[in-house]
Amino acid sequence: MCSLKKALLFCKSCGAEYDACEARFRCDCGEPLDLKYDGAGIDTSSRVQSKRFAAFFPFAEDDWVSLGEGGTPLVSVERFAKELGLSGVQFKNESANPTWSFKDRGTAACIAHARALGYTKVGTVSSGNMAASVAAYAAAAGMEAFILVKGNVADEKLAPIAIYGAHLLRVAGPYDELYKESLRLGAERGIYYMNSDVPFRAAGSRTIAFEIAEERGFDVPDWVIVPTSAGGNIRGIINGFEDLLRAGLIAKLPRFICAQAKNNSPIVTAFENGWTQIRRAPDAETIAHAIDNPFPPSGNRVVAELRRLNGTAVSVPEGEIVRAQADMAHAGLFAQPASCVPLGALRAARASGIVKEGESAVLVTTGGGLKYTTAFAAHKLEWRDCAIGDLAELLK
Ligand SMILES: [Zn+2]
């Protein structure tokens, strides 16, 4: 049983194609798969992804379960444009999604795919954002969810996942092994594991590109900067702009910057050294916890995409991530540290001359600042206690 319209999953690395009605999460060659589906047309009557961009997905209307994902604001910040000598700096604020991160776009698409294939159980392997997103959408869809989180996830991060009622397992061991084991066991036990870079998660991320283009009147920015962990989001955003180019809606592609924390930057290292295969990074701690991934499953593909499209990869040291988080908050945007890495990357790319004077950039702000309270300790936060009687003196 499969209610999908005719669609293929294809491998950009080896050219293999598979029917999208197959529950397939990676290519036989080991590389990730992308959705191949020729849709066109935007339903402007809705801001919600599952309605507005329904034509770009092979789902029947009944397959979608929506919590209102998508339609997030694109915020211009003049002070950063001025600081860097750019014509514009904009933030695509994905914390305005139903579970406060970009993950809801891919989760909605994966849930629709799972339902189209007749699954009743879903799961994910996550360090936080994706776990909450899958738990929420599974709850909304009435599906059972099996969420696997990394062994080093703090207790305080589990409550926002557990509240949705999912089965929650904190698993000791390397993230990438957990990723592979979940797909293997999922196939055996009938659980649809919608992990970070599976085809429909990347397909959902395309709508970030669609919205950036729409909100700018289809005038693409010079640069799009994406904080990168597994690599599924930046792959999806690239595919989204390529879909728009093929549909004749935009005249050119932007250039892409893959932004990583210096303490854990396997894609940047591979890109800078001219490697085609990423190598496992030493798993050093970073405040950018949400993109802490020493061996990203889409790493090879992202490196190839950046080379193909004349993009680049930039890593950002811890101090610059904290500085970016404070500076963005001072502009009214409170993002989790991983989502502040793009501003650090833009500053570095501007200083090195990769990004030129007068160019424009859109930075993808993947999740909200309340997602990672541990980061608060990195900032100088000041307040004072006083009595009502002191106010006449203090409010001057
Ligand atoms: Zn392949």
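Below, the structure is looked at part by part. In this numbering scheme, every chain counts its residues from 1 along its sequence in written order. Two thresholds apply to this predicted model, a pLDDT of at least 70 for residue-level local features and 80 or more for giving and counting side-chain atom pairs, whereas whole-chain, interface and lining totals are computed over all residues. Each side-chain value is worked out from all heavy atoms of the structure, with water and hydrogens disregarded.

1. Some remarks on the coordination of the zinc ion
So, point 1. Donor selection uses N, O and S atoms within 2.8 Å of the metal (3.2 Å for Na, K and Ca). Since no water is included, sites may look incomplete. Taken together, Cys11 (SG), Cys14 (SG), Cys27 (SG) and Cys29 (SG) make up the full set of protein donors to the zinc ion, lying 2.3 Å away.
So, point 2. Around the zinc ion sit four donor atoms, and with donor-metal-donor angles ranging over 104 to 119° the site reads as tetrahedral.
So, point 3. Donor residues for the zinc ion, ordered by position in the chain, follow C-x2-C-x12-C-x1-C. Residue cysteine 11 is located in the loop between strand 1 (8-10) and strand 2 (17-19), and its partner cysteine 29 is located in the loop between strand 2 and strand 3 (34-36); the two are separated by 18 residues in the primary sequence. Square planar and octahedral sites, with four and six donors, are those where opposite donors lie more than 155 degrees apart and all other angles lie between 65 and 115, tetrahedral sites have four donors with every angle between 85 and 135 degrees, and the rest are irregular. Labels follow the DSSP assignment, with helices taken as runs of H or I lasting at least four residues and strands as runs of E lasting at least two, numbered in each case from the N terminus.

2. A look at the layout of surface pockets
So, point 1. Taken as a whole, the largest pocket spans an internal volume of roughly 360 Å³.
So, point 2. Here the term cavity refers to a set of points on a 1 Å grid, laid over the protein atoms alone, in which a 1.4 Å probe fits but cannot get out; the term pocket refers to an open set having protein on both sides within 12 Å along at least five of seven lines, with lining residues being those that place an atom within 4 Å of a point. Considering the residues around the largest pocket, the lining is formed by 18 residues, among which Trp100, Asn129, Pro160, Leu370 and Lys371 are closest to the centre.
So, point 3. Put simply, the parts of the chain that give the lining of the largest pocket at least two residues each are helix 4 (129-141) and helix 5 (155-162).
So, point 4. For the lining of the largest pocket, the element with the highest residue contribution is helix 5, accounting for four residues.
So, point 5. In the lining of the largest pocket, the residues fall into seven nonpolar, eight polar and three charged. Grid points are joined across faces, edges and corners, and a volume is the space filled by probe spheres set on the points. Only Asp, Glu, Lys and Arg are considered charged, only Ala, Val, Leu, Ile, Met, Phe, Trp, Tyr, Cys and Pro nonpolar, and every remaining residue, Gly among them, polar.

3. Quick look at a nonpolar patch on the surface
So, point 1. Residues with no salt bridge and a relative accessible area higher than 30% make up the patches, which join like charges within 9 Å and nonpolar side chains (Val, Leu, Ile, Met, Phe, Trp, Tyr) within 5 Å. Accessible surface is estimated by sampling points in the Shrake-Rupley manner with a 1.4 Å probe; for residues, cover comes only from the protein chains shown. Think of a salt bridge as a Lys or Arg side-chain nitrogen and an Asp or Glu carboxyl oxygen that are within 4 Å of each other. Taken together, the side chains of Phe334, Leu370, Phe376, Leu381 and Trp383 make up a nonpolar region of the molecular surface, amounting to roughly 610 Å² of accessible area.
So, point 2. Note that tryptophan 383 resides in the loop between strand 13 (360-365) and helix 13 (391-394).

4. What to know about the state of the cysteines
So, point 1. Only a pair of cysteine sulfur atoms within 2.5 Å counts as a disulfide in this structure description. One pass over the full model with this rule turns up one disulfide.
So, point 2. Disulfide pairing places cysteine 2 opposite cysteine 21 at an S-S distance of 1.8 Å. Here the S-S torsion is close to -75°, and the disulfide linking cysteine 2 with cysteine 21 is therefore left-handed. One end of the pair, cysteine 2, is in the segment before strand 1; the other, cysteine 21, is in the loop between strand 2 and strand 3, with 19 residues separating them in the sequence.
So, point 3. Each residue's exposure class comes from its accessible area (1.4 Å probe, protein chains only) as a fraction of the maximum for that residue type: buried when under 20%, exposed when over 50%, partly exposed otherwise. In this structure cysteine 21 comes out as partly exposed when scored by relative accessible area, which is 30%.

5. Some remarks on the packing of helix 3 (residues 103-116) against helix 4
So, point 1. Here an axis means a line fitted to C-alpha atoms, over the contact stretch when the element is a helix, while the angle between two N-to-C directions is reported on a 0 to 180 degree scale. Across the interface, helix 3 lies against helix 4 with an axial gap of 9 Å and an inter-helix angle of 45°. As summarised for this structure, helix 3 and helix 4 are arranged oblique, according to the angle between their axes. Pair helix 3 / helix 4 crosses with right-handed handedness. Within the contact between the two elements, helix 3 uses Lys103, Asp104, Thr107, Ala108, Ile111 and Arg115 and helix 4 uses Asn129, Met130, Ser133, Val134, Tyr137, Ala138 and Ala141.
So, point 2. Looking at the contact of helix 3 with helix 4 residue by residue, the class counts come to seven nonpolar, three polar and three charged. Note on terminology: angles under 35 degrees are roughly parallel, angles over 145 are roughly antiparallel, angles of 65 to 115 are roughly perpendicular, and the others are oblique. What makes a crossing left-handed is the near helix being turned counterclockwise from the far one by less than a right angle; a clockwise turn instead makes it right-handed. We call two residues in contact when some of their heavy atoms are within 4.5 Å.

6. Digging into helix 3
An α-helical segment advances 3.6 residues per turn. Residues three or four places apart therefore align on the same side.
So, point 1. Along its 14 residues, helix 3 runs 20 Å from first to last C-alpha, staying within 8% of the 20 Å computed at 1.5 Å per residue.
So, point 2. Helix 3 sits mainly inside the fold: 13 of its 14 residues count as buried.
So, point 3. Positive phi appears at glycine 118, one or two residues downstream of helix 3, with a value of about 90°. In a helix, the anticipated span is given by 1.5 Å times the number of residues less one.

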